[in-house]
Amino acid sequence: MAAMRESDPSLGYLTKKETEVKLPRPTRVKNKTPAPIQITAEQLLREARERQEAEIRPPKQKITDASELADYRLRKRKEFEDLIRRVRWNTSVWVKYAQWEESQKDFARARSVWERALEVDYRNPTLWLKYAEVEMKNRFINHARNVWDRAVQLLPRIDQLWYKYIHMEEMLGNVAGARQIFERWMAWEPDHHGWAAYIKFELRYNEVGRAREIYERYVRCHPTVKSWIRFAKFEMKNGEVARARNCYERAIERLGEDGQTEELFVAFAEFEERCKENERARVIYKYALDHIPKGQAEELYRKFVTFEKQYGDREGIEDVIVGKRRFQYEEEIAKNPLNYDTWFDYVRLEENAGNKERIREVYERAIANLPPAEEKRYWQRYIYLWIYYAVFEELEAQDMDRTREVYRLREMFMVYIEHRLCVHSICKIRGYYSGLTGHNVLYITFLKTMFYNRIFKNEVHQQETPTSSVTRTTQYKPISCDMYRIGLEGKLIGYPYGTRSTCIS
């Protein structure tokens, strides 16, 4: 009775003691020293692989009669159809099914599978490629042509389909058919590789005239620097120097500003260099350097320097060096247009080169950069640009009309800054400049400035402060008259106007 009470119906009327799982008692390791023989992980993996049981494979079935073959085919087709119903969108299942039908030499069923697969996803180029390869491998040429023709009609932007189709026709010796397929492809205006393949096809059969016509269509379809350079190299390879030069000239003319790139001019100059036309190459380099932005002409500068070192004289090499320094000054000015020391260096470089138009251009660009604030320290260097500009027009260029224009603009500028800046600085500049040039008009203007501002020796100017009626006495030194004397002495001894003066502070 006691046993019945302890039994549990959920345990099959067994007691809990009888259903307890007795685990082995863990043994304590007494000796923890390493074993004398160590086993590596590699040995463990090798032993596990050696002791692994052989894979259980189904036995090979030998088909002895037609009924067994029919049963086997029916079973395999049922497996493929069931799999297709589950994963109809999986392309690999369709491919395996069609290839199995091909292995059974049942090409009609294989074509049916391929057509069903194309109905599911006709945009997949892999299906078209494998389908056509099956037809080609089994020498069904007309079927393969039918497949390729449908493929390129439905997917004309897949270049691989066109390549395979043309390759098949060319392997069969059908050159006219391959050319016709190329013409169909070119109607879709493919990229550079498609046109290059058509041109190489014609050159394989020594059709240079046809290749030239294709190049003409190619540059009309893709009016780029790359296409024109390829056209010119083609003409050069065939010994047509005049045609190649014409290609480069037409490229520069038709492409316009978009075609004025470093790549085109370098290729054109190297072509003239190979033709021993060094003067033409030099003109091309100079034209390119004048029309290409400075930041995009680093390779062009390097090529030009190498060219001049190889074929040029000393004057040409100096011109290249001047151009390189000019490029450096342009970069510095682009970073900081208010760095007047760079403008002075740039002007001195152009004056040494002797090109008056360039000198005027640099001066005009320099004086257009006004200082950022109305303080003496900002305007001190800027005023010298006007002084040097006027002296250049008078003494170097000897253009009196432009000299008067510069004087007029400078005087208007002086009147403006006299009300903005320190009067002493203006008088010092007027005195120095009028003594240096010896102009009566400037000397009279200098005296008027001193008179209106009451700057004479030992003169006392009374001024009341706005906060009180206390009179403040200010005594001015005759710095402006001294500056006139210094400028006059500089003119008499041939003081170079381009030298920076340090006496005006």
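Here's what I pulled together on the structure shown here. Because the structure is a prediction, the values reported are computed rather than measured.

## Quick notes on helix 13 (residues 225–237)
Next up, step 1: Its 13 residues give helix 13 an end-to-end C-alpha distance of 18 Å, which sits within 8% of 18 Å, the value for a rise of 1.5 Å per residue.
Next up, step 2: Packing partners of the buried residues in helix 13 comprise helix 11 (192–204), helix 12 (208–221), helix 14 (241–255) and helix 15 (262–274).
Next up, step 3: Of the residues flanking the end of helix 13, it is G239, one or two places downstream, whose phi is positive at about 80°.

## A few points about the nonpolar core
Next up, step 1: By size, the foremost hydrophobic cluster in this structure holds 75 residues, and its most contacted members are W148, L161, F182, Y248 and L300.
Next up, step 2: Per-element accounting of this core gives the leading share, seven residues, to helix 15.
Next up, step 3: With residues up to four places along the chain from it excluded, the contact list for F182 reads I166, G194, A197, Y198 and F201.
Next up, step 4: Membership of the second largest hydrophobic core comes to 21 residues, among which are W343, Y363, A366 and I387.

## Let's talk about the environment of R157
Next up, step 1: Looking at where R157 falls in the secondary structure, it is placed in the loop between helix 8 (141–154) and helix 9 (159–171).
Next up, step 2: Between the alpha carbons of R157 and P190 there is a distance of 7.7 Å; along the sequence they are 33 residues apart.
Next up, step 3: Look past the residues within four positions of R157 in its chain and what remains in contact with it is W188 and E189.

## Considering the packing of aromatic side chains
Next up, step 1: Counted under the stated rule, the structure contains 23 aromatic pairs.
Next up, step 2: Seen in terms of ring centroids, W162 and W185 are 5.9 Å apart; in terms of plane orientation they differ by 5°. Their pairing is stacked. Remark: W185 occurs in helix 10 (residues 175–186) and W162 occurs in helix 9; sequence separation between them is 23 residues. Each of the two residues, W162 as well as W185, counts as buried.
Next up, step 3: Relative to Y218, the ring of W195 has its centre 6.0 Å away and its plane inclined at 25°; by these criteria the two rings are stacked. Of this pair, W195 sits in helix 11 while Y218 sits in helix 12, and the two are 23 residues apart along the sequence. Residues W195 and Y218 agree in their burial class; the two are buried.
Next up, step 4: An aromatic cluster is defined as three or more aromatic residues linked by ring pairs; in this entry it consists of W162, Y163, F182, W185, Y198, F201 and Y205.
Next up, step 5: Between the NZ or CZ atom of R111 and the centre of the ring of F140, over which it lies, the distance is 4.8 Å.

Here is what the cut-offs are and how they apply
Residues numbered from 1 in each chain as written. Predicted model: local features only at pLDDT ≥ 70, side-chain atom pairs only at ≥ 80, totals over all residues. Heavy atoms only, no water. Helix = DSSP H or I, 4+ residues; strand = E, 2+ residues; numbered from the N terminus. Expected span 1.5 Å × (residues − 1). Contact = heavy atoms within 4.5 Å. Core = buried A, V, L, I, M, F, W, Y, C linked by side-chain atoms within 4.5 Å. Buried < 20%, exposed > 50% of the residue type's maximum accessible area, 1.4 Å probe, protein only. Phe/Tyr/Trp six-rings, centres within 6.5 Å; stacked < 30°, edge-to-face > 60°. Lys NZ or Arg CZ within 6 Å of the ring centre and 35° of its normal.

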